[in-house]
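Commentary on secondary and tertiary structure
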Amino acid sequence: MKLTGAQALIESMLNESVDTIFGYPGGAIMPTFDALYDYDKKINHILTRHEQGATHAAQGYARVSGKVGVCLVTSGPAATNAVTGIADAMLDSTPMIVITGQVGAALLGTDAFQEIDVVGITTPITKWAYQIRNAKDIAWAVARAFYIARSGRPGPVVLDITKNAQFEEIEFEYKPCTFIRSYIPMPEINPKQIELAAEIINSAKKPYALVGQGVVLANAEAELKAFLEKADIPAAWTLLGASAMPTEYHLNKGLLGMHGNVAPNMKTNECDVLIAIGMRFDDRVTGDLSRYAKQAKIIHLDIDPAELSKNVKADAPVLGSAKVTLPALTERLQKAIHTKWIESFEVYDQKENEKVILREVYPTNGELTMGEIVRKISGATKNKAVVVTDVGQNQMMAARYSTYTQTRSLVTSGGLGTMGFGIPAAIGAKIGAPDRTVLMYSGDGGFQMTIQELGTILQEQIGVKMIILNNHFLGMVRQWQEMFFEERYSFTKMKNPDFITIAKGYGIEGKEVWKREELDVAIAEMLKDDSPYLLVANVEMKGMVYPMIPAGGSVTDILLGDDTSDNNQTEPEDFVLETSEKESK
């Protein structure tokens, strides 16, 4: 059938089962938005308030649904506004297609109005970036883009489409892409690698598994359990690997990394075999590489050959999808029991409970803490919610103290650490999982970076439950200033607006709490129905996220904080709220 390039673009996306697009119109992409007008029954377009918001919303959608997120924006500043979300998706292996408008092909290279070299800018932060100059190339490029974005190690793809290509008419035919020469998304399994890994595990006395997002991306949660249970292997998870195992799963020993649980970090340097599954040995997990797991033999399972032995040299590198490599490895494992090794984790757990958890999530006096708020809200949702976070102290507390009962339950910006990620990502997550409660945790700083997306919530009536853990500081930066910069709080104090009044301006109900006895009522009110809601919880100003491994330290250099803390921490002298204001609240 004969279609314009704009229509062909939309028909191509329909052939890829696209049901939702996040975007913002403008001149160079206007022909496509005009064509989209006739597809409102087939594709749901969400008008965000900023192009960065569109990319993060597409990320949230992709992370909970397992589908490819799609963004549609115009040229110039719209494309550059999308760069942060593209880079974020690249580092966190999120499948996303970003379609940008571009000036007409005849104007390319003339510095025309809103012309920018989108392909040049985005090539380093995408799996593929391509400029479409003719309508006849649209179907081919879209098919290729979706294949690349969702296959192998997922990631973002950018298609930059000139305005003339959107107007031109062509005979439309769509052929899905299933093969690209030199691109091998699903590598063949090497039996020798599997056999070597199995041999090492079978001889282990203290095997230990590190679970990353690769398990979730491969839909290999069941295969992971079968693997762990056959060889009786305790496991911990990276930040993006959260919810690959239920929190209460008997072999789940907690969170790895800088702000992870004590036992998972300490045991890294005590195990004799370390099995990394779909994770990349990020510096926030390993700390000082020269002191990381030197006593252990390393087995690394990953679909991306570039990750194998990149940071930590693997004694048995296993290339392939966890969906395939885990069953192949499990088949060769001997049934084992490692009771004493697994019980040894509890020694650290008890120590940690005494020094950290009881103080953070079960306080008996003082101001509200982030940990207790997260624990209470998680329980009130029966631990079934999708947890979306912004970045900072709120991120670590939400990830650490939420309880997960099903997969794809944590959406956060891991590799790039993008403040402002929370609100738009939660919008996308709710659209991707409409039947689940979506909780969005943010600090007062990150919330204001993309606060305009409250307009998207207003227009679409998206039932996101937003929680601001408000300490009137850029909390994580303040923590580092306190610990490593002699309490020189350089530009981290925040004079904040009345968030509840702002939310009401967007038609969003909300409540602000200062006292512990107000919390349960506010949570119940927030969760009573599926409408959007904002809960502002004023927490201790100088709260710290512990445990903490100092940057550049070993995984065993864990700080547990001041054991004498009673949550009555002193606020900075030059930034104390007036007593009358607190009492009136």
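In this text the structure is predicted, and so the values were computed from the model without any measurement.

1. Quick word on the overall build of the chain
Helices and strands together make up the secondary structure of the chain, namely 25 helices and 20 strands. A principal-axis box enclosing the C-alpha atoms of the chain has dimensions of 70 × 70 × 40 Å. The 585 residues of the chain split such that 60% are buried. Of the contacts formed within the chain by residues at least 6 apart in sequence, a portion of 77% connects residues at least 24 apart. Of the roughly 23400 Å² of accessible surface on the chain, a fraction of 51% belongs to carbon and sulfur atoms. Here the chain carries 57 positive and 72 negative side-chain charges, and the mean point of each set is 5 Å from the other.

2. Describing the packing of aromatic side chains
Here the structure, examined in full by the defined rule, presents 13 aromatic pairs. Judged by centre distance (5.1 Å) and plane angle (20 degrees), the rings of W128 and Y130 are stacked. With relative accessibility at 24%, the residue Y130 sits in the partly exposed group. Ring centres 5.3 Å apart and planes at 70 degrees place the aromatic pair W341 and F345 in the edge-to-face group. For W341, a relative accessible area of 6% gives the class buried. Three or more aromatic residues link up through ring pairs in this structure, and these residues are W128, Y130 and W140. Geometry around Y249 places K225 over its ring, the cationic atom sitting 5.1 Å from the centre. Sitting over the face of the ring of F345, K267 holds its NZ or CZ atom 5.6 Å from the ring centroid.

3. Overview of the nonpolar core
Counting residues in hydrophobic clusters, the biggest one holds 101 residues, and the most contacted among them are I201, F227, L228, L274, I275 and I299. In this structure, A433, L454, I457 and I508 belong to the second largest nonpolar core, which totals 47 residues.

4. Overview of the pairing of strand β17 (residues 438-443)
For β17, the tally of buried residues reaches 6 of 6 residues, placing the bulk of the element in the interior. On β17, burial covers both faces: V438, M440 and S442 on one face and L439, Y441 and G443 on the other are all buried. Sheet topology places strand β15 (residues 386-389) next to β17; 4 bridges connect them, and they run parallel. The partner of V388 across the bridge, within β17, is M440. The pairing of β17 with strand β18 (residues 465-470) spans 5 bridges and is classified as parallel. Opposite M440, over in β18, you have M466 as the bridge partner.

5. So, the pattern of salt bridges
Taken as a whole and assessed by the stated rule, the structure comprises 20 salt bridges. The partner of K67 in a salt bridge is D19, with the nearest N and O atoms 3.0 Å apart. In this pair, K67 is assigned in the loop between α3 (51-65) and β4 (69-73) and D19 in the loop between α1 (5-15) and β2 (20-23), connecting sequence segments 48 residues apart. Judged by relative accessible area, K67 falls into the partly exposed class, the value being 39%. Residue R291 pairs with D557 through a salt bridge whose shortest N-O separation is 3.2 Å. Remark: D557 occurs in the loop between β20 (533-538) and α25 (579-584) and R291 occurs in the loop between α13 (283-286) and β13 (297-302); sequence separation between them is 266 residues.

6. Some thoughts on the sheet that holds strand β12 (residues 273-277)
Overall, parallel pairing links the 6 strands, which are arranged β11-β10-β9-β12-β13-β14 in an open sheet. Across the chains shown, the open sheet's two edge strands, defined by having one partner strand only, are β11 (252-255) and β14 (316-319). Ignoring which end each strand starts from, the neighbouring axes of this sheet average 20 degrees apart. In the sheet, strand β10 (residues 235-237) pairs with β11 via 2 bridges, with the strands oriented parallel. By the bridge assignment for β11, W237 is matched with L255. Contacting β12, β13 and β14, helix α14 (residues 322-331) crosses the sheet at an angle of about 135 degrees to β13.

7. Section: the packing of helix α17 (residues 370-380) against helix α24 (residues 519-526)
Across the interface, α17 lies against α24 with an axial gap of 10 Å and an inter-helix angle of 45 degrees. By the angle between their axes, α17 is oblique relative to α24. Handedness of the crossing formed by α17 with α24: right-handed. Along the contact surface, α17 presents I373, K376, I377 and A380, while α24 presents L519, D520, I523 and M526. Along the lines of polarity and charge, the residues of the contact of α17 with α24 split into 6 nonpolar, no polar and 2 charged.

8. Focus: unusual backbone geometry
In this model, Y546 is joined to P547 through a cis peptide bond whose omega is 0 degrees. Even without being glycine, Q114 reaches a positive phi, approximately 60 degrees. Relative to the elements of secondary structure, Q114 occurs in the loop between β5 (96-102) and α6 (118-122). Here the phi dihedral of E486 falls at roughly 55 degrees; this positive angle occurs in a residue that is not glycine. Relative to the helices and strands, E486 is located in the loop between α22 (475-484) and α23 (499-505). Overall, the relative accessible area of 71% leaves E486 in the exposed class.

9. Quick word on the sheet that holds strand β7 (residues 156-162)
Two strands in a sheet stick together by hydrogen bonds in their backbones, pointing the same way (parallel) or opposite ways (antiparallel). Taken together, the 6 strands give an open sheet; going across it, the order is β3-β2-β4-β5-β7-β6, and neighbouring strands pair in parallel fashion. Of all strands in the sheet, those bounded by a partner on one side alone are β3 (44-47) and β6 (128-132). Between one strand axis and the next, the sheet turns through 20 degrees on average, direction left out of account. Of the pairings in the sheet, the one linking β2 to β3 comprises 4 bridges and is parallel in character. Its bridge partner lying in β3, G23 is registered against L47.

10. Some remarks on the packing of α1 against helix α7 (residues 138-150)
One way to put it is that α1 packs onto α7 with a least axis distance of 9 Å and a crossing angle of 30 degrees. Between α1 and α7, the angle falls in the class roughly parallel. Two packed elements cross with a definite hand, and for α1 against α7 that hand is right-handed. Along its contact with α1, which presents G5, A8, L9, S12 and M13, the element α7 presents I138, A139, V142 and F146.

11. Comments concerning the confidence of the model for the chain
The predicted model of the chain has a mean per-residue pLDDT of 94, with 96% of residues at 70 or higher. Contacts of residues 564-585 to residues separated by more than four positions or lying in other chains number 43 contacts, the stretch itself having pLDDT below 50.

12. Regarding helix α5 (residues 83-91)
Owing to its 3.6 residues per turn, the α-helix brings residues three or four apart onto one side. If you check which residues of α5 are buried, you get G85, I86, A87, D88 and A89. In this structure, the buried residues of α5 make contact with α3, β5, α6 and β7. One or two positions beyond α5, positive phi appears at S93, with a value near 55 degrees.

Cut-offs used in this document
Residues numbered from 1 in each chain as written. Predicted model: local features only at pLDDT ≥ 70, side-chain atom pairs only at ≥ 80, totals over all residues. Heavy atoms only, no water. Helix = DSSP H or I, 4+ residues; strand = E, 2+ residues; numbered from the N terminus. Buried < 20%, exposed > 50% of the residue type's maximum accessible area, 1.4 Å probe, protein only. Contact = heavy atoms within 4.5 Å. Areas by Shrake-Rupley, 256 points an atom, 1.4 Å probe, with all protein chains shown as cover. Lys, Arg positive; Asp, Glu negative; His and termini not counted. Charge placed at Lys NZ, Arg CZ, Asp CG, Glu CD. Phe/Tyr/Trp six-rings, centres within 6.5 Å; stacked < 30°, edge-to-face > 60°. Lys NZ or Arg CZ within 6 Å of the ring centre and 35° of its normal. Core = buried A, V, L, I, M, F, W, Y, C linked by side-chain atoms within 4.5 Å. Pairing = 2+ DSSP bridges. Salt bridge = Lys/Arg side-chain N within 4 Å of Asp/Glu carboxyl O. Axes fitted to C-alpha atoms, helices over the stretch in contact; angles between N-to-C directions. Parallel < 35°, antiparallel > 145°, perpendicular 65-115°, else oblique. Left-handed = near helix turned anticlockwise from the far one by under 90°. Nonpolar A, V, L, I, M, F, W, Y, C, P; charged D, E, K, R; others polar. pLDDT = per-residue confidence, 0-100.

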